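Chain residues, written in single-letter form:
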Amino acid sequence: MLKGIDVSHHNNLDRILSIIDKPDFCIIKATEGKTYNDPKFKHNIQICKERDIPIGFYHYARPENNMPLDEAKHFLSKVAPYIGDCILALDWEDIALHHPISWALTFLNYIYAQTGVRPLFYCQASYTKNIKSLLDNNYGLWVAHYTNLKKPIIGVYPYWAFWQYSTPEHNHTSGICACDYDYFNGSEGALRAYMRPH
């Protein structure tokens, strides 16, 4: 099992990496909706590349405002140069949880069709009972579950790929050192397999 982190512009990755052990991977926020780009996207990539940390990218869904293909195209416009050497993920939380899962499936299908890489689906543990259509289409699960450090709730899924087990609120860090912590359920080779077209 590997240990990593995920970050956005809310985090100071330089500072984080100066005080924690080198993570096995770092998943970086790239985009949100159909127009927003994370302002630290390229900076965070550079930091990880300099330290030889495997990377991934996630898109924060805004189904209340946009069609899935518009958001998928926006995401790909930013991450395309890194395809084949990065993990891809859709972040489905907050307002998105009240929208049809078919929106997420359309987004994921488009990303897969365009890249050959199967993106992950991120959601909270309590929502995993609602995503059988994603399991049926072989999309990996990135689950957020902080209250049980033995194993996460994964609903209809037989296994989890990534598990966000701690957030700044739960790990008692604050300010510029705060970040989310994740496990990967596999080896470094398996992690790389999630990056490659199939």
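Refer to the structure printed above.
Presented here is a report on the structure given in the accompanying data block. These numbers were taken from a predicted model, which means no experiment stands behind them. (Residues numbered from 1 in each chain as written. Predicted model: local features only at pLDDT ≥ 70, side-chain atom pairs only at ≥ 80, totals over all residues. Heavy atoms only, no water.)

## Brief notes about the nonpolar core
Point 1. In this structure, Ile5, Ile28, Phe57, Leu90, Trp92, Phe121 and Ile131 are the most contacted members of the largest nonpolar core, which totals 51 residues.
Point 2. Beyond its immediate stretch of four places on either side in the chain, Phe57 contacts Ile27, Ile28, Ala30, Phe41, Ile45, Phe75, Val79, Tyr82, Cys86, Ile87, Leu88 and Ala89.
Point 3. The next biggest cluster of nonpolar side chains, apart from the first, holds 15 residues, and it includes Leu2, Tyr58, Ala89 and Trp142. (Core = buried A, V, L, I, M, F, W, Y, C linked by side-chain atoms within 4.5 Å. Buried < 20%, exposed > 50% of the residue type's maximum accessible area, 1.4 Å probe, protein only. Contact = heavy atoms within 4.5 Å.)

## Some details on the packing of aromatic side chains
Point 1. Enumeration over the complete set of coordinates arrives at 19 aromatic pairs.
Point 2. Ring geometry for Phe184 and Tyr194: centres 5.6 Å apart, planes at 90°, overall edge-to-face. Placement of Phe184 in strand E9 (residues 180-184) and of Tyr194 in the segment after helix H7 (188-193) is noted, with a sequence separation of 10 residues between them.
Point 3. For Tyr194, a relative accessible area of 25% translates into the label partly exposed.
Point 4. Cluster of aromatic residues (ring-pair linked, three or more members): Phe25, Tyr58, Tyr122, Trp142, Phe162, Phe184 and Tyr194.
Point 5. Above the plane of the ring of Tyr139 lies Arg118, whose end atom (NZ or CZ) is 5.5 Å from the centre. (Phe/Tyr/Trp six-rings, centres within 6.5 Å; stacked < 30°, edge-to-face > 60°. Helix = DSSP H or I, 4+ residues; strand = E, 2+ residues; numbered from the N terminus. Lys NZ or Arg CZ within 6 Å of the ring centre and 35° of its normal.)

## Observations concerning the environment of Leu90
Point 1. Along the chain, the position of Leu90 falls in strand E5 (residues 86-91).
Point 2. C-alpha of Leu90 to C-alpha of Lys150: the two residues are 60 residues apart in sequence and 25 Å apart in space.
Point 3. If we skip the residues at most four places from it in the chain, Leu90 touches His59, Ala61, Trp103, Ala104, Phe107, Leu108, Leu120, Phe121 and Tyr122.

## Points about the packing of helix H3 (residues 68-79) against helix H4 (residues 101-115)
Point 1. Contact geometry of H3 with H4 gives a least axis separation of 9 Å together with a crossing angle of 40°. The angle between H3 and H4 falls in the class oblique. Crossing handedness for the pair H3 and H4: right-handed. Residue-level inspection shows Pro68, Leu69, Glu71, Ala72, Lys73, Phe75 and Leu76 of H3 in contact with H4, the latter providing Trp103, Thr106, Phe107, Tyr110, Ile111, Gln114 and Thr115. (Axes fitted to C-alpha atoms, helices over the stretch in contact; angles between N-to-C directions. Parallel < 35°, antiparallel > 145°, perpendicular 65-115°, else oblique. Left-handed = near helix turned anticlockwise from the far one by under 90°.)

## Describing the pattern of salt bridges
Point 1. Across all of its chains, the model carries seven salt bridges by this definition.
Point 2. Residue Lys29 is joined to Glu32 by a salt bridge in which the shortest nitrogen-to-oxygen separation is 2.5 Å.
Point 3. Judged by its relative accessible area of 7%, Lys29 is buried.
Point 4. In this structure Glu32 comes out as buried when scored by relative accessible area, which is 15%. (Salt bridge = Lys/Arg side-chain N within 4 Å of Asp/Glu carboxyl O.)

## Considering the side chain of Thr31
Point 1. Looking at where Thr31 falls in the secondary structure, it is placed in strand E2 (residues 26-32).
Point 2. Relative accessible area serves as the criterion here: at 0%, Thr31 is assigned to the buried category.
Point 3. Among the polar contacts made by the side chain of Thr31, one reaches the side chain of His59 at a distance of 2.6 Å.
Point 4. Once you skip the residues sitting within four places of it in the chain, Thr31 turns out to touch Tyr36, Asn37, Tyr58, His59, Tyr60, His74, Phe75 and Lys78. (Polar contact = N/O pair within 3.5 Å; in protein donor to acceptor, adjacent residues only side chain to side chain.)

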